[in-house]
Amino acid sequence: MTTEEVLLSVTGIVVLGVAAQWSAWRLRLPSILLLLLGGLLVGPVTGLLDPDELLGDLLFPLVSLSVGLILFEGGLSLDLRELRTTGGVVRNLVSFGAMLTGALVGLSAYVIFDINEKVAALLGAVLVVTGPTVIGPLLRHVRPVRRVGSIARAEGILIDPIGALLALLVFEVVVQEELGEATGAVVTAIVRTFGLGSLIGLAGAFVLAVVLKRFLVPDELTNLVVLGAVIAVFTGADFVQEESGLLAVTVMGLALSNQRTVPTHNLLEFNETLRVLLISGLFILLAARLDTGSMADVVLPGLLFLGVLVVVIRPLVVALSTWRSELGWRERVFLAWLAPRGIVAAAVASIFAIRLAEAGAVEAETILVPVTFLVIIGTIVIYGSTAGWLARRLDLSDSDPQGVLFIGAPRWAVPIAEELLEHEYRVVMVDTDRANVARARLAGVRTYYGSALSERLLEEIDLTGIGRVIALTSNDEVNTLAAEHFARLLGRRETFQLEPADSSVDSRWGPSSHLLARRPFGSHTHAAFEKWHAEGAAIRATRLTEEFDLKALRARYEWGAVPLFLIHEEGNLDVFTEGGGLRAEPGDTVVSLVHPDARGEAERRERAREKREKKAEKVGRATEKAARNGSERSQ
């Protein structure tokens with residue numbers, strides 16, 4: 001290929017990957033499904049992309065390295081403290097459950113496809129993997145309750161490396177047997193892989209933590225240094241012991257995530273972006289390599305195989321893994337219906353298929369890869385289209401949460417929270433002032449005492465039903481930091497903070513503008529709300545009609561009302577912001593803070609209007625009476 005053709009192909013992969021991710025977000029579909037369809041379209045369907053010709057011998061080293069980076073990000077995003085209450089279930093799912101899944105899947109493949117037992121065993125090991133690349137987006141869409149969501153997320157993160165290593169174990173056994181190696185050599189290779197991979201990963205995490213703790217790297221180079229360290233650990237581990245790199249980088253990510261000497265949230269942000277780019281490129285490349293003929297050959301038995309995985313094996317594994325646990329039957333049913341396969345399964349299957357074919361297992365490429373991709377597509381379609389519905393039917397999810405988390409519980413905000421509770425929205429308030437917390441709690445509001453920036457408090461906050469956060473403390477810096485944190489959980493669109501007090505004086509001394517979240521309730525500061533509350537301002541909920549719309553409401557109170565929330569007739573909740581833009585319809589309700597002077601003035605105007613109407617009515621009656629008397633005299 002010419003340089004121009006290579007550049008065009010690489011650019012096309014990136015653009016297609018970004019377009020698929022964006023389209024999936026717009027259409028609310030699993031991104032992996034559109035990526036697979038895009039890869040099939042540019043690969044076997046149109047022939048526009050040939051990954052083997054494009055990358056040659058670099059293809060599978062790049063795939064292996066990309067999978068390693070994805071596994072590192074997965075380990076980095078898992079806080080083991082989340083498993084304190086559900087750790088037993090997760091442990092069962094990723095140990096006993098993983099082995100049982102691999103055995104049953106392998107047995108099913110051997111029977112249904114009538115293939116070599118070694119290839120069937122490897123297929124069973126590969127399809128153990130679910131993975132955060134598909135579980136994460138699905139959980140963000142479904143929004144299950146905290147306990148079942150934590151279990152599913154932790155299983156997805158941990159099962160990736162465990163499944164990959166289980167596949168590696170089976171692969172080592174198969175290859176060694178193909179090469180005629182003794183059992184002792186097989187055991188030695190496995191022990192070396194696990195032992196050296198773990199040690200190298202821990203060593204890499206330790207060195208990196210020391211470097212970051214002592215500020216030996218400037219901030220602008222931190223992410224670059226971490227990326228280089230991950231690549232070095234992956235390659236070094238593979239060089240010392242073949243196929244141990246995946247374990248090494250996963251252990252490295254877990255160790256960094258669960259140490260407390262240096263923060264890792266900035267590393268996580270960077271690696272999340274890198275992960276999305278790598279997943280997009282990998283799926284397109286691997287899907288473009290598929291042989292449509294091989295896919296067609298396995299479709300009919302593959303559908304039966306898929307049905308066994310979804311309807312029989314997963315429910316059985318979950319039932320046994322959650323036996324005698326504290327999970328209710330609804331949570332068990334939901335977990336039994338959540339096991340989509342993702343990028344790691346596709347990448348591992350593609351890598352091992354080539355190596356098995358080189359070792360003499362000719363069925364590997366014609367069965368292993370097509371069946372794996374068929375299972376990936378099938379499980380994503382099945383779980384992606386039904387998990388949200390099932391979670392709602394089981395009362396485990398609120399896919400469109402409308403509740404509000406208030407960072408701060410000042411006196412003036414408690415009546416707002418009470419009004420939202422009256423309209424049956426979930427409200428949570430967090431504050432470091434015990435008096436504020438006690439006041440809000442007496443009003444019936446769910447509260448947490450402590451700093452919203454505390455790691456311990458963040459572990460305890462139940463965000464079920466919470467769709468937006470509003471930071472309204474008197475400290476602008478706390479508001480900014482809290483908004484920055486919760487934006488990663490709820491999205492920037494649903495993250496708000498009060499107008500900083502300093503911005504009205506000189507913005508140079510306030511928080512940086514690029515850090516500020518959206519401004520709720522217009523341009524009013526905390527001090528302004530405190531002043532209005534002290535002067536007797538009250539919360540009013542006004543239902544709009546055809547005659548009395550939002551414009552009329554504003555005109556009635558003029559300067560003396562601050563629109564806070566717009567409650568749509570169908571139940572959705574919107575926040576009035578500095579830029580406006582909300583569209584109110586008849587039947588919607590506006591929650592406002594109304595100043596007593598404006599309320600009194602409005603009432604005076606209303607009385608004057610009623611007086612004018614009565615006077616006009618009296619004059620009309622007198623005129624009508626005079627006209628009637630004149631008519632009678634003329635007769």
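Above this text sits the structure in question.
Everything numeric in this text was worked out from a predicted model, so none of it was measured.

Visitor: Can you lay out the overall build of the chain for me, pointing to particular residues and giving the numbers?
Guide: Across its full length, the chain holds 24 helices and nine strands. Burial statistics for the chain: of 635 residues in total, 50% are counted as buried. Here the analysis covers contacts within the chain between residues at least 6 apart in sequence; of these, 76% occur between residues at least 24 apart.

Visitor: Describe the sheet that holds strand S8 (residues 573–575), listing the residues and the values that go with them.
Guide: Judged by pairing direction, the sheet is antiparallel, and its four strands sit side by side in the order S6-S9-S7-S8 without closing on themselves. In the strand order of this sheet, the two ends are held by strand S6 (538–543) and S8, each with one partner. Neighbour-to-neighbour, the strand axes of this sheet turn through a mean angle of 25 degrees, independent of strand direction. In this structure, S6 lies alongside strand S9 (residues 589–594), joined through six bridges in antiparallel fashion.

Visitor: Please provide a residue-by-residue account of the pattern of salt bridges, values included.
Guide: Applying the stated criterion across every chain yields a total of nine salt bridges. As a salt-bridge pair, Glu-494 and Arg-468 come within 3.2 Å of each other at their nearest N and O atoms. Residue Glu-494 is found in the loop between helix H21 (476–490) and strand S5 (495–497), and its partner Arg-468 is found in strand S4 (residues 466–471); the two are separated by 26 residues along the sequence. Exposure class is identical for Glu-494 and Arg-468. Each is buried. We note a salt bridge from Arg-493 to Glu-494, for which the minimum N-O separation is 2.8 Å. Given a relative accessible area of 60%, Arg-493 falls into the exposed group. Residue class for Glu-494 comes out buried when judged on its relative accessible area of 17%. If you follow the salt bridges from partner to partner, you end up with Arg-468, Arg-493 and Glu-494 in one network.

Visitor: A description of helix H14 (residues 292–321) should follow, citing residues and the corresponding values.
Guide: Taking 1.5 Å per residue as the helical rise, H14 with its 30 residues ought to reach 44 Å, whereas the 37 Å between its terminal C-alpha atoms falls clearly short. By the largest-angle criterion, Val-299 marks the main kink of H14, which is about 55 degrees, and a proline, Pro-301, follows within four residues.

Visitor: So what about unusual backbone geometry? Which residues, and what values?
Guide: Even without being glycine, Arg-324 reaches a positive phi, approximately 65 degrees. With respect to the secondary-structure elements, Arg-324 resides in the loop between H14 and helix H15 (329–336). Its identity is not glycine, yet Asp-395 carries a phi of approximately 60 degrees, on the positive side. Mapped onto the fold, Asp-395 is located in the loop between helix H17 (363–393) and strand S1 (403–407).

Visitor: Describe the nonpolar core, naming the residues involved and giving the relevant values.
Guide: Formed by 98 residues in total, the largest nonpolar core has its most connected members in Leu-122, Met-252, Phe-283, Phe-305 and Phe-373. Ranked by residue count, the leading element in this core is helix H16 (residues 343–359), at 12 residues. Excluding anything up to four places from it in sequence, Phe-305 contacts Val-105, Ser-108, Ala-109, Ile-112, Phe-113, Leu-123, Leu-127, Val-371 and Val-375.

Visitor: Any chance you could break down the sheet that holds S4 for me, citing the residues and the numbers?
Guide: Overall, parallel pairing links the five strands, which are arranged S3-S2-S1-S4-S5 in an open sheet. The sheet is open, and its two borders are formed by strand S3 (446–449) and S5, each paired with just one other strand. Each strand of the sheet is rotated relative to its neighbour by a mean of 20 degrees, with strand direction disregarded. Sheet contacts for helix H18 (residues 414–422): S1 and strand S2 (427–431); angle to S2, the most-contacted strand, approximately 160 degrees. Of the strands in this sheet, S1, S4 and S5 are in contact with H21, which crosses S5 at around 175 degrees.

Visitor: Go over the pairing of strand S7 (residues 561–567) with me, naming the residues and quoting the values.
Guide: In the case of a regular strand, side chains alternate between the two sheet surfaces. Extensive coverage of S7 is indicated by the burial of six of its seven residues. The pairing of S7 with S9 spans six bridges and is antiparallel. Each bridged residue has a counterpart across the sheet, and for Val-562 the counterpart in S9 is Leu-593. Where S7 lies against S8, three bridges are found, and the strand directions are antiparallel.

Visitor: I'd like a rundown of a nonpolar patch on the surface, residues and numbers included.
Guide: On the surface, a cluster of nonpolar side chains totalling about 470 Å² of accessible area is made up of Met-1, Val-6, Val-10, Val-14, Val-18 and Leu-277. Assignment of secondary structure puts Val-18 in helix H1 (residues 3–27).

Visitor: Now, about H1: what can you tell me, with residues and values included?
Guide: Over its 25 residues, H1 extends 36 Å from the first C-alpha to the last, a length consistent with the 36 Å expected when each residue adds 1.5 Å. Of all the positions in H1, only Ser-9, Ile-13, Gly-17, Ala-20 and Ala-24 are classed as buried. Positioned one or two residues after H1, Arg-28 has a phi angle of 55 degrees, which is positive.

Visitor: Can you lay out the pairing of S3 for me, pointing to particular residues and giving the numbers?
Guide: As judged from the four bridges shared by S2 and S3, these two strands associate in the parallel manner. Opposite Val-430, over in S3, you have Tyr-448 as the bridge partner. As for the winding sense of the linkage, the β-α-β connection from S2 through helix H19 (residues 434–442) to S3 is right-handed.

Visitor: For the packing of aromatic side chains, give the residues involved together with the corresponding values.
Guide: Taken as a whole and judged by the stated rule, the model has five aromatic pairs. Measuring from centroid to centroid gives 5.7 Å for Trp-337 and Tyr-383, while their planes differ by 85 degrees, and the two rings are edge-to-face. Residue Trp-337 is found in the loop between H15 and H16, and its partner Tyr-383 is found in helix H17; the two are separated by 46 residues along the sequence. Residue class for Trp-337 comes out partly exposed when judged on its relative accessible area of 25%. Taking relative accessible area as the criterion, Tyr-383 reaches 0% and is therefore assigned buried. With 4.5 Å between their ring centres and 10 degrees between their planes, Trp-412 and Phe-529 make a pair best called stacked. Here the residue Trp-412 occupies a position in the loop between S1 and H18, and Phe-529 occupies one in helix H22 (residues 526–534), the gap between them amounting to 117 residues. Assigned by exposure class, Trp-412 and Phe-529 land together as buried. These aromatic residues form a ring-pair network of at least three members: Trp-412, Phe-521, Phe-529 and Phe-565.

Visitor: Let's hear about the side chain of Ser-64: which residues, and what values?
Guide: Mapped onto the elements of the fold, Ser-64 is located in helix H4 (residues 59–76). A relative accessible area of 13% means that Ser-64 is categorised as buried. With residues near it in sequence (within four places) discarded, Ser-64 still touches Phe-234, Leu-246 and Ile-351.

Visitor: Which residues make up the packing of H14 against H15, and what values do they have?
Guide: Where H14 contacts H15, the two axes come as close as 8 Å, and the packing angle between them is 140 degrees. On the basis of their axis angle, the class for H14 and H15 is oblique. The way H14 lies across H15 gives a crossing that is right-handed. Contacts from Arg-314, Pro-315 and Val-318 in H14 reach Arg-332, Leu-335 and Ala-336 in H15. Partitioning the contact of H14 with H15 into residue classes produces four nonpolar, no polar and two charged.

Rules behind the numbers
- Residues numbered from 1 in each chain as written.
- Predicted model: local features only at pLDDT ≥ 70, side-chain atom pairs only at ≥ 80, totals over all residues.
- Heavy atoms only, no water.
- Helix = DSSP H or I, 4+ residues; strand = E, 2+ residues; numbered from the N terminus.
- Buried < 20%, exposed > 50% of the residue type's maximum accessible area, 1.4 Å probe, protein only.
- Contact = heavy atoms within 4.5 Å.
- Pairing = 2+ DSSP bridges.
- Axes fitted to C-alpha atoms, helices over the stretch in contact; angles between N-to-C directions.
- Salt bridge = Lys/Arg side-chain N within 4 Å of Asp/Glu carboxyl O.
- Expected span 1.5 Å × (residues − 1).
- Bend = angle between axes of the 7 residues up to and from the residue.
- Core = buried A, V, L, I, M, F, W, Y, C linked by side-chain atoms within 4.5 Å.
- Patch = residues over 30% accessible without salt bridge, like charges linked within 9 Å, V, L, I, M, F, W, Y side chains within 5 Å.
- Areas by Shrake-Rupley, 256 points an atom, 1.4 Å probe, with all protein chains shown as cover.
- Right-handed = clockwise from strand over helix to strand, strands pointing away.
- Phe/Tyr/Trp six-rings, centres within 6.5 Å; stacked < 30°, edge-to-face > 60°.
- Parallel < 35°, antiparallel > 145°, perpendicular 65-115°, else oblique.
- Left-handed = near helix turned anticlockwise from the far one by under 90°.
- Nonpolar A, V, L, I, M, F, W, Y, C, P; charged D, E, K, R; others polar.

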